[in-house]
Structure formats: structure tokens, C-alpha cells
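Here are the chains, one letter per residue:
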Amino acid sequence: MELIEIFTSRVNESGAQLHIAPDIEEAYRLAEELVLSNSGDGERFISEQEYTIAEGIYGVAENGGIWLDSTSVSSRVRPFIAENLALIISKSKICSNMEELYRVVSPASTGFGVLISGPSKTADIEQCLVYGAHGAIKHYVILY
Amino acid sequence: MSKHSKEGKKFLSDKSKASWHDDTLWGVRKKRDRAVSMIDDWEVLRERASSVKERVLDNLEEYILQFENSARNNGVIVHRAKNGSELNSIILNLLKSRGFTRVVKSKSMLTEECSLNHFLEYNGIEVVDTDLGERIIQFRGESPSHIVLPAIHLKREEIGETFHNRIGTPAGCSDPIQLTAAARVHLRSKFLNAQAAITGVNFAVAESGTVVICTNEGNADMGLNASAKLHIHCMGMEKIVPTFGDLAIFTRLLARNATGQAITTYTSHYTLPDEDCEMHIVILDNGRSERLRNPIFRNSLKCIRCGACMNTCPVYRRSGGHSYRYLIPGPIGSIIAPFGNCQNVSKKSQNNQNERIYSDLPFASSLCGSCSSVCPVKIDIHNQLYQWRQILTRKKQVSPIKRVVMKFVGKILASHLLYSYAGKIARLAIRISPRVLIYNRLNAWGLERELPVPPKESFNEWFRRTQKS
Ligand code: SF4
């Protein structure tokens, strides 16, 4: 249980929005609701209304990151190009740190893997933190 | 006055900007301390990171061969480049033979080292740096002033003006959110039309042939995956880590030490080429083998480019990255710069040349050791700077006045009698001399320093007196 607590606080620190769902069906429903309800928000940036929902393979408590590989998304660009990104992850799939992650996911086997922690960010202008430099502007994590 | 001091003085002439720079980087250092304190076994982790790097450097060629083999088995084409011009022509040939002219680039420190941009542009290729900070300085024709925060020397108004001129943001707009939004639109069109993507590499895993790229913006991943069919990863030969177990140490350390985040937003692992895409890796030497053979400075190859030694350095914070005049500024840059890896110069003259050009940098340090204490891979940075001072002085690369004075001071410090006598004189002289004697235009030392008020007696004198009573 402690792992889950650490994970959720790191997720919040990463700039992501955390939601809890009772089961996977509800998690998907919630994910869809979130990415669609907010897709208008991106107008400030660009008119495209794209979003991606994906199921994470493992989450890492120590940094709030979620591991995706080639099997999680239809193409590699999906998690990066979407304005709104929702990642669904099971409470039973949280490991403690990177060492454990690489042991449980076989990181090279599908050819591509990425650990994502929060929305795309930059602080290149006077160290002001801005979300949505290139990738997701809104990043949701749905834990079930 | 040394070149660094002169440039530093220019930097300090804008007082409010200089103090903003100092405070902001110190703020990053404090964030780093917080992030580090969240890991119980931080010191153990640092020790492990250091020993992995040592092991890699001890067996570098073997690990590179293992990495090459693994990557080739994955269907990746691996190239080796001895120097910058080789890397540049490998890349140009790849682009030309496919008729590609539109390139997006990310994590550009290594390709900057080779002046790839100029070379490709000269050959009719459009190269777009896609990291926001790197794009800003590319627009301005500047070089990065920090390895992690390339545009830290600029204020928002300056960036607003650049964007107004280059991508048509409204005049006078300097709001970071609006400027970032405009850059997003501008760069997205570049990503979606790119034919080739060039990236740097944070780590290369020998056991699997995987390249690992860490960014907060996601620009490397957008570049590789949005449209480009030719993917070229450029890495220095020292980027190898043996296994994923070893990699874990570094992905735990890097972002905490660099920006105080638990991890970068994206930690991407590329092993196999994507469908319909070609994946190439260029491994660059460019003077690294030579540094590897140097027993004193070899350790500097352990660097994972986190930038922490810059953020913590009292000299860097108050003189700005450009005062170092070298691609990598700050403490670690001052070690690498005198080695240099300029291209198109014969090896021997090149080295001497770099030692001459950058001979002031190892002296641009207070030797306080703060750099070494924050370095995640335990490079003895301040000691290497000290070693450079010895070498450069022996090679007569420092000013003749400094050499004579140092010789004289050396004699005094070596003799007990002379030392206590000189101390007496100095304590008296500093108290009674008019300021103009020290703080005049002829004495560069006085321009850069303020003397403390001298005590009335030395420690020895005080000890003897208090012992008696
Ligand atoms: S020398 Fe150490 S502290 Fe400086 S950038 Fe390299 S790894 Fe970081």
C-alpha cells in the first residue's frame, strides 16, 4: 500500500492529474470522458483535437512514471503527439524504482519503450514552467 | 585580466540580469538538493554510478563492440566517426543519398561539438533544433550558455523580440505561455514535415543495443516518430552502460541531479527500427580516446552532462556560460576545453592551440569543491582543475607575471621562517597601505577581489600568547 501512496504523490508532482477508478471498465470510461471534455482547451495552442488513451504496463512509485511499449499503442507517435493523454494503470502494477522496472518489463523486447511522467514541459523561458512544449498538454493517470 | 574575467565583467555589467542568473541557478541547485534528499541511498547510488562508469572506461572498446553487435542484430546500422568532420560527412551522405533536405534535431550538444548545423546548412539542408531553448538560440545565432538550460542567459523580453522577428508573435509579447504556444505550433509543422531526425543519446545499453533519450519536452520523440523515416542517433563513445540494471542507476540519478525532478517527463528507449524507418547510430570519438589515455583527466569522461556543477559553481553563476567561450561551460567544461576537439586542425597544433585559447579556464574557479560534491558520478572536478593549473603553468601557458609571483610565493610558503615574517609584514602593510596600492588598474588581482580585514596577529602568535596565560 505504501508504494501506491508514493506513486500517487509523485504523479501529482509531475503535473499529471490523478484519478481513481474501481475497475478497468470504469477506468476506460473515465479516461474517455476526461480526454474528450478537455480537448477544446488546446485551442490556445493548436486546433487539432487529438487524444490518446493507453494502458500502462507498469508504474514506478519513486518517480510517478508509467511504462509503455510497442504493445501499448498503435504507433510510436501516439503518446507524444496527443494534446490530451490518459494512461490507465492497475494498482497491482506499481513497482518501487527503475531497477525493479527494468527487471519486470524486459525493456528492449518490443523494440521501443518509454517511461512517461506528467505532461510535456519546458522551462526554457526564464525558468517558468510551461506545460505542453511539444507533447501532451494534459496528462491524466487513472489508477484502478 | 584573463579572457574569462573580461567576459565575466561584461556579463556583470547588467546587474539585475546577473543577479537573476545567480539566484535562478542557485534555485535549481536547491531543487536538486530536495530531490536528492528523497532517495535514502543517494550516496550509495552515486558510488555505484561512479564504479559503473569506471568499469566502462576500463573496458570501453569491448563494451562498444558489444553494443555495436547488439545493435546490428537489431537491424540498426552503426557507424564510427573519428572526429567531427567524419560525423558530419556520414550524416550528409545519408541525407543526400536519399534526397532528404528537411531535418529535425534534438539533444544537440554532441552535434554542436561537430558544428553539424553549419555544415548541413552550407550543403543545402534545413536543420531545425527542436528543443525550445535550442531553437531560441538557433534563431539568435548564439551558442548554448548551459548544457541543460541552453537559453538561461536570456530574459523573456529578448526571447519575445526574437520570436516576433522570426515566427511573427505579436510585438512586445513576452509571456512564456504564449511564446511556448507559438513555438509549439511552429515546431509541430517542422516535425510533421521532417524527412530525417537526428538525436543525441543519454545512454547506450551494450547488452541490448538500446539508445536511451531523456527529455522533458518530448521533442526527440516527436522528431523521431511524427514523420521522419531516417533516424540518426549520435553519441559520444563514453555513453555506454553495460546493462539495464546499470542504466537504472543513471535514470534514477540524472533528472534529480539536473533539475530536481524525480525523472524527466520522457525516458525513451529505442532498440529496433520502427516500421518503414531506418535507424542509424553514429559513435563519435573526437578526442575522447586521447582523454581516456590521460591518467589525470580520464575521469572527466564519466560525465553524464547533468549540469549540476554549473548550477552550484559560484563563478559560473556570476559570469554566465558564454564567458567560458567553449561549448560546455562551467567546471566540467573548463576541464574539457583545454583538450579541445576542434576540427580541421592537425592534432598536435590543435592541442596546443586549445591549451592556449582556454588556458584561463582552469583558473576560473575558486576551487571550493562544490562541483565535486554535487557530481553524481563523483568526478574529482576541482582536483582536475587544480591539475590543469599545474600543467599550464609548467607549460608557460599562464601570464609571465602570474608565473613570477607564484614562484616567489612558493618560496615563501615553503619556508617556515619566511612565511611567518611575510605574514607579519602583510598584516601591517594591508592595514596601513592606501587602497590605491592594491585596487588600481595595473593590478588585475585587485579588480577581481576584495581583501578581508587582516587580523592583528597570526594564529601562531595568538596560540603562543594564549598558551602562556
Ligand atoms: S561533471 Fe558531474 S556534475 Fe558536472 S555535468 Fe558532468 S556529471 Fe554533472
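Residues numbered from 1 in each chain as written. Chains lettered and ligands numbered in written order. Predicted model: local features only at pLDDT ≥ 70, side-chain atom pairs only at ≥ 80, totals over all residues. Heavy atoms only, no water.

Asker: Please provide a residue-by-residue account of the side chain of B:His153, values included.
Answerer: Residues and elements named next belong to chain B. In this structure, His153 sits in the loop between helix H8 (132-140) and helix H9 (156-167). Within the structure, the side chain of His153 is placed 2.6 Å from the side chain of Glu142, a separation counted as a polar contact. There is a polar contact of 2.8 Å between the side chain of His153 and the side chain of Ser145. Once residues within four sequence positions are removed from consideration, His153 is found in contact with Lys17, Ile137, Glu142, Ser143, Ser145, Glu158 and His322. (Helix = DSSP H or I, 4+ residues; strand = E, 2+ residues; numbered from the N terminus. Polar contact = N/O pair within 3.5 Å; in protein donor to acceptor, adjacent residues only side chain to side chain. Contact = heavy atoms within 4.5 Å.)

Asker: Can you lay out a nonpolar patch on the surface for me, pointing to particular residues and giving the numbers?
Answerer: Residues and elements named next belong to chain B. Taken together, the side chains of Ile401, Val405, Phe408, Val409, Leu413 and Tyr419 present a nonpolar region at the surface, about 630 Å² in accessible area. In terms of residue count, the dominant contributor to the nonpolar patch is helix H20 (residues 400-414) (five residues). Inspection of the secondary structure assignment puts Phe408 in helix H20. Owing to a relative accessible area of 57%, Phe408 belongs among the exposed residues under this scheme. (Patch = residues over 30% accessible without salt bridge, like charges linked within 9 Å, V, L, I, M, F, W, Y side chains within 5 Å. Areas by Shrake-Rupley, 256 points an atom, 1.4 Å probe, with all protein chains shown as cover. Salt bridge = Lys/Arg side-chain N within 4 Å of Asp/Glu carboxyl O. Buried < 20%, exposed > 50% of the residue type's maximum accessible area, 1.4 Å probe, protein only.)

Asker: If you had to explain the interface of chain A and chain B to someone new, which residues and values would you point to?
Answerer: As a measure of interface size, the accessible area lost when the parts come together is often cited. The interface of chain A with chain B comprises 45 residues on the first partner and 62 residues on the second. Roughly 4,400 Å² is buried in total at the junction of chain A and chain B, and carbon and sulfur atoms are behind 60% of that figure. In terms of surface lost to chain B, no three residues of chain A exceed A:Ile125, A:Glu126 and A:His134, which account for 19% of the buried area on that side. Where chain A packs against chain B, one counts seven salt bridges. There are 26 residue pairs in polar contact (both at pLDDT 80 or more) connecting chain A and chain B. If you list the elements that add at least two residues to the side of chain A that touches chain B, you get helix H1 (2-13), helix H3 (78-81), helix H4 (98-105), strand S7 (112-116) and strand S8 (121-122) of chain A. Here the residues of the side of chain A that touches chain B sort into 21 nonpolar, 13 polar and 11 charged. (Buried area = accessible area lost by both parts, 1.4 Å probe. Nonpolar A, V, L, I, M, F, W, Y, C, P; charged D, E, K, R; others polar.)

Asker: Describe the site of the ligand, listing the residues and the values that go with them.
Answerer: Residues in close proximity to the ligand include B:Cys303, B:Ile304, B:Arg305, B:Cys306, B:Gly307, B:Cys309, B:Ile332, B:Cys375, B:Pro376, B:Val377, B:Ile379 and B:Ile381, which together make up its full environment. Placement of the ligand is best described as lying within the largest cavity. (Near = heavy atom within 4 Å. 1 Å grid on protein atoms, 1.4 Å probe; cavity = no way out; pocket = protein on both sides within 12 Å on 5 of 7 lines; lining within 4 Å. Sits in = over half its atoms within 2 Å of the grid points.)

Asker: Lay out the confidence of the model for chain A in plain terms, naming residues and giving numbers.
Answerer: Across chain A, the average pLDDT comes to 91, with 91% of residues at or above 70. Counting contacts from residues 41-48 of chain A, a segment whose pLDDT is below 50, to residues more than four positions away or on other chains yields 17 contacts. (pLDDT = per-residue confidence, 0-100.)

Asker: Tell me about the sheet that holds strand S7 (residues 230-236) of chain B, residues and numbers included.
Answerer: Residues and elements named next belong to chain B. Across the sheet, six strands lie side by side as S1-S10-S7-S4-S2-S3; this open sheet has parallel pairing. Edge positions in the open sheet fall to strand S1 (77-81) and strand S3 (126-129), since each of these has one partner strand only. Strand-to-strand, the axes of this sheet are offset by a mean angle of 20°, without reference to chain direction. In terms of strand pairing, S7 meets strand S10 (residues 278-284) through seven bridges, oriented parallel. Residue pairing across strands places Gly236 opposite Leu284, the latter belonging to S10. Running at roughly 145° to S1, helix H5 (residues 84-97) makes contact with S1, strand S2 (102-106), strand S4 (196-199), S7 and S10 of the sheet. (Pairing = 2+ DSSP bridges. Axes fitted to C-alpha atoms, helices over the stretch in contact; angles between N-to-C directions.)

Asker: Go over unusual backbone geometry with me, naming the residues and quoting the values.
Answerer: All names here are of chain B. The phi angle at Arg305 is positive, at roughly 60°, despite the residue not being glycine. A positive phi angle is found at Lys378, which is not glycine, with a value near 55°. By the element assignment, Lys378 lies in the loop between helix H18 (370-374) and helix H19 (381-394). The class for Lys378 is partly exposed, based on a relative accessible area of 30%.

Asker: Go over the confidence of the model for chain B with me, naming the residues and quoting the values.
Answerer: With 94% of its residues at a pLDDT of 70 or more, chain B has an overall mean of 91. For this predicted complex, the interface confidence reaches an ipTM of 0.94, while the overall pTM sits at 0.90.

Asker: Help me get a handle on the sheet that holds S7(A), residues and values and all.
Answerer: Judged by pairing direction, the sheet is mixed, and its eight strands sit side by side in the order S6(A)-S3(A)-S4(A)-S7(A)-S9(B)-S6(B)-S5(B)-S8(B) without closing on themselves. Here the strands that pair on one side only, and so sit at the sheet edges, are strand S6 (94-95) of chain A together with strand S8 (240-241) of chain B. One ladder, built from two bridges, connects strand S3 (residues 58-60) of chain A with S6(A); its direction is parallel. Paired with A:Val60 across the bridge in S6(A) is A:Cys95.

Asker: Explain the packing of aromatic side chains to me, and be specific about the residues and the numbers.
Answerer: Given two aromatic rings, their pairing is described by the distance between the two centres and the angle made by the two planes. Applying the stated rule across the entire model yields 13 aromatic pairs over all chains. An angle of 35° between the planes, with centres 5.3 Å apart, marks the rings of A:Phe112 and B:Tyr270 as tilted. One end of the pair, A:Phe112, is in strand S7; the other, B:Tyr270, is in strand S9 (residues 266-270), on a second chain. On the basis of an interplanar angle of 80° and a centroid distance of 5.5 Å, the ring pair of B:Phe297 and B:Phe339 is categorised as edge-to-face. Of the two residues, B:Phe297 sits in the loop between helix H13 (288-293) and helix H14 (308-312) while B:Phe339 sits in the loop between helix H16 (330-336) and helix H17 (347-357), which places them 42 residues apart along the sequence. Given the relative accessible area of 10%, B:Phe339 is considered buried. (Phe/Tyr/Trp six-rings, centres within 6.5 Å; stacked < 30°, edge-to-face > 60°.)

Asker: Which residues make up the nonpolar core, and what values go with them?
Answerer: Of all hydrophobic cores here, the largest spans 123 residues; its most connected members are A:Leu101 and B:Phe250. Of the residues forming this core, the biggest block, eight residues, is contributed by helix H12 (residues 244-258) of chain B. When residues of this core are assigned to domains, at least three fall in each of domain 1 (3-10 + 301-398) and domain 2 (39-286) of chain B. When neighbours within four sequence positions are excluded, A:Leu101 is seen to be in contact with A:Tyr58, A:Val60, A:Trp67, A:Cys95 and A:Leu115. (Core = buried A, V, L, I, M, F, W, Y, C linked by side-chain atoms within 4.5 Å. Domains from an automatic or database assignment.)

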